[in-house]
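Single-letter residue listing:
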Amino acid sequence: MTLILLGAAGCSPFQPPPSRVDFKTVAQVPFVPQQLDDDCGPAALASLLGHRGRQVDPAEIRATVYDPRLGGSLLPDLENFAKSRGFSTRSGRGDLRLLRQQVDAGRPVLLPIDAGFGPLARPHYLVVFGYGDAGFLAHAGVAAGRFFPSEDFDRRWGAMNYLYLLLE
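Keep in mind that what you see is a predicted model, and the values were worked out from it rather than measured. Starting afresh in each chain, residues are numbered from 1 along the sequence in its written order. Where totals are concerned, whole chains, interfaces and linings use all residues; where local detail is concerned, this predicted model gives features only for residues with pLDDT of at least 70, and gives and counts side-chain atom pairs only at 80 or more. With hydrogens and water set aside, each side-chain value is computed from the structure's full complement of heavy atoms.

Help me get a handle on the packing of aromatic side chains, residues and values and all.
Pairing of aromatic rings covers Phe, Tyr and Trp, the last counted by its six-membered ring, and requires centre-to-centre distances within 6.5 Å; plane angles under 30 degrees mean stacked, over 60 mean edge-to-face, and any other angle means tilted. Applying the stated criterion to the full structure yields six aromatic pairs. Measuring from centroid to centroid gives 6.1 Å for Phe23 and Phe147, while their planes differ by 65°, and the two rings are edge-to-face. Pair noted here: Phe23 is in the segment before strand S1 (24-25) and Phe147 is in strand S6 (residues 143-149), with a separation of 124 residues, a long-range link. The classification of residues rests on relative accessible area computed with a 1.4 Å probe and restricted to protein chains. Under 20% of the type maximum is buried, over 50% is exposed, and intermediate values are partly exposed. Of the residues examined, Phe23 reaches a relative accessible area of 21% and is grouped as partly exposed. Note on Phe147: relative accessible area 5%, which makes it buried. Measuring from ring centre to ring centre gives 5.1 Å for Trp157 and Tyr162, while their planes differ by 75°; the resulting arrangement is edge-to-face. Classification of Tyr162 as partly exposed rests on a relative accessible area of 26%. Where helices and strands are cited, they refer to DSSP runs of H or I of at least four residues and of E of at least two residues respectively, numbered from the N terminus.

And the structure:
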């Protein structure tokens, strides 16, 4: 799985939140921006860990989980990193209802989406921390608090088999 940040800002799936929309959100989910084109997974995991009070430099995570053959990180490796730091985790396949339930329970969710266009797939990790009637809020790469319309989000997440990771 190659993890690449979209460089074309003009065709990015990341949008600012719509104005005057009520969102349910998880409080105090830190935004940890990715530093390199291929460290969105470590940055997203650093955000989850930070929400749980553990500050970990994404470079430390990357040193453990990055696979140069893939050009990125796999979700099981991110999960194993969290476990090695003493966290209980849960991962699997979810749905939009699961995301809403987790936000309601105060838990942000790390997940991969397809940030590509057309036949060009570009897996990208983000952290979902809010939702409203129209869609979801997530920290994504170098963009804090971006909005994803529900239908688009569902399609992009579905392309990555609805995989997710939680810290319990």
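Give a description of helix H1 (residues 40-51) that names residues and reports values.
Expected helix span is taken as 1.5 Å per residue step, with the number of steps being one fewer than the number of residues. If you check H1, its first and last C-alpha atoms are 17 Å apart, about what twelve residues at 1.5 Å a residue would give, namely 16 Å. A large share of H1 lies buried, amounting to eleven of its twelve residues. Every buried residue of H1 is accounted for by Cys40, Gly41, Pro42, Ala43, Ala44, Leu45, Ala46, Ser47, Leu48, Leu49 and Gly50. As for H1, its buried residues are in contact with helix H2 (58-65), helix H3 (75-84), strand S3 (109-114), strand S4 (123-131), strand S5 (135-140) and strand S7 (163-167). Just downstream of H1 lies Gly53, where phi reads positive at about 90°. Contacts: residue pairs with any heavy atoms within 4.5 Å of one another.

Account for the packing of H1 against H2, naming residues and giving values.
Convention adopted: a line fitted to C-alpha atoms gives each axis, helices being fitted over their contacting stretch, and angles between N-to-C directions are expressed from 0 to 180 degrees. Running from N to C, H1 and H2 cross one another at 125°; their axes reach a closest spacing of 8 Å. The angle between H1 and H2 falls in the class oblique. Pair H1 / H2 crosses with right-handed handedness. For the pair H1 and H2, the contacting residues are Pro42, Ala43, Leu45, Ala46 and Leu49 in the first and Pro58, Ile61, Arg62 and Val65 in the second. Any angle between 65 and 115 degrees counts as roughly perpendicular, while under 35 counts as roughly parallel, over 145 as roughly antiparallel, and the rest as oblique. Should the near helix be turned counterclockwise from the far one by less than a right angle, the crossing is left-handed, whereas a clockwise turn marks it as right-handed.

Please set out the confidence of the model for the protein residue by residue, giving values where relevant.
Known as pLDDT, the predictor's confidence for each residue is given on a scale from 0 to 100. Of all residues in the protein, 88% attain a pLDDT of 70 or more, and the chain-wide mean is 89. Across residues 1-12, confidence stays below pLDDT 50; counting only partners more than four residues off in sequence or on other chains, it has 36 contacts.

Before we move on, can you summarise empty space enclosed by the protein with the specific residues and values?
For cavity detection a 1 Å grid was placed over the protein atoms alone, and a set of points counts as a cavity when a 1.4 Å probe fits there but cannot get out; an open set counts as a pocket when protein lies on both sides within 12 Å along at least five of seven lines, with lining residues being those that have an atom within 4 Å of a point. Grid points are joined across faces, edges and corners, and a volume is the space filled by probe spheres set on the points. Inspection of every chain in the model, using the stated rule, returns one cavity of 30 Å³ or more. Roughly 60 Å³ of internal volume is contained in the largest cavity. Taken together, 13 residues line the largest cavity, and the ones lying closest to its centre are Val32, Ala43, Ala44, His139 and Gly141. Mapped by element, the contributors of at least two residues to the lining of the largest cavity are H1, S4 and S5. Of the residues forming the lining of the largest cavity, the biggest block, four residues, is contributed by H1. Under this grouping Gly is polar, as are all residues other than the nonpolar Ala, Val, Leu, Ile, Met, Phe, Trp, Tyr, Cys and Pro and the charged Asp, Glu, Lys and Arg. A class-by-class count of the residues in the lining of the largest cavity yields ten nonpolar, three polar and no charged.

Which residues make up helix H4 (residues 96-104), and what are the values?
Within H4 the residues assigned to the buried category are Leu96, Leu98, Leu99, Gln102 and Val103. Buried residues of H4 fall within an arc of 160° about the axis and therefore sit on the same side. The N-cap residue of H4 is Asp95: its side-chain oxygen and the backbone nitrogen of Arg97 are 3.2 Å apart. The arc in question is traced by the directions running from the helix axis to the C-beta atoms. Polar contacts, as used here, are pairs of N or O atoms within 3.5 Å; protein pairs need one atom able to donate a hydrogen and one able to accept it. Residues neighboring in sequence count only if both atoms are side-chain atoms.

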